[in-house]
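So you can see what is in the structure, the chains are spelled out below.
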Amino acid sequence: MYRNFLILSLLAPTAMNQQKFTFILEENTVSLKAGIGFYTKVDLGIVKYHFEIGAGENNFHWTPSRHS
C-alpha cells in the first residue's frame, strides 16, 4: 500500500528537483530524514504534502523528521 504512495511522492517536484531525503516506514508510521544540500528542509515539506495527498492523512502517522 505505502509503496504506491512512496513512488508518487518521489515523482513530485521539489524545490531543487533533487531527492535528498529518505523515507523510513515502520508499519503505519512514516518519517523522513533530510539529506545534505540546499533547501532539503523545504523538500521535506513538499514531499510530505504529496505523500499525504496520496495516502490520506488518517491512514498513517508521522514521526518527527530526522535531520542530518
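The paragraphs below set out a description of the structure included in this document. (Residues numbered from 1 in each chain as written. Predicted model: local features only at pLDDT ≥ 70, side-chain atom pairs only at ≥ 80, totals over all residues. Heavy atoms only, no water.)

## With respect to helix H2 (residues 40–55)
Moving on, step 1. Between the first and last C-alpha of H2 there are 22 Å, a value that for 16 residues agrees with the 22 Å anticipated at 1.5 Å per step.
Moving on, step 2. Among all positions of H2, only Thr-40, Asp-43, Leu-44, Val-47, Phe-51 and Ala-55 are buried. Relative to the axis of H2, the buried residues are bounded by an arc of 105 degrees and lie together on one face. Summarising the geometry of H2, the exposed residues directed more than 90 degrees from the buried face are Tyr-49 and Ile-53. (Helix = DSSP H or I, 4+ residues; strand = E, 2+ residues; numbered from the N terminus. Expected span 1.5 Å × (residues − 1). Buried < 20%, exposed > 50% of the residue type's maximum accessible area, 1.4 Å probe, protein only. Arc of directions from axis to C-beta.)

## Some details on unusual backbone geometry
Moving on, step 1. In the Ramachandran plot, Glu-27 falls in the positive-phi region, its phi being about 60 degrees despite a non-glycine side chain.
Moving on, step 2. Looking at the element boundaries, Glu-27 is found in the loop between strand S1 (21–26) and strand S2 (29–34).
Moving on, step 3. One non-glycine residue, Tyr-39, lies in the positive phi region at around 60 degrees.
Moving on, step 4. Mapped onto the elements, Tyr-39 comes out in the loop between S2 and H2.

## Focus: the environment of Phe-38
Moving on, step 1. By secondary structure assignment, the location of Phe-38 is in the loop between S2 and H2.
Moving on, step 2. Along the backbone, Phe-38 and Gln-18 are 20 residues apart, and their C-alpha atoms lie at a distance of 9.8 Å.

## Re the pairing of S1
Moving on, step 1. Inspection of the sheet shows S1 paired to S2 by six bridges, in the antiparallel sense. Along S2, the bridge assignment pairs Ile-24 with Ser-31.
Moving on, step 2. Count of turn residues in the S1/S2 antiparallel hairpin: two residues, of which Glu-27 carries a positive phi of about 60 degrees. (Pairing = 2+ DSSP bridges.)

## Remarks on the side chain of Thr-40
Moving on, step 1. Positionally, Thr-40 belongs in helix H2.
Moving on, step 2. Judged by its relative accessible area of 8%, Thr-40 falls in the buried class.
Moving on, step 3. Only 3.5 Å separates the side chain of Thr-40 from the backbone oxygen of Gly-35, close enough to count as a polar contact.
Moving on, step 4. Each residue touching Thr-40, except ones within four places of it in the same chain, is listed here: Lys-20, Ala-34 and Gly-35. (Polar contact = N/O pair within 3.5 Å; in protein donor to acceptor, adjacent residues only side chain to side chain. Contact = heavy atoms within 4.5 Å.)

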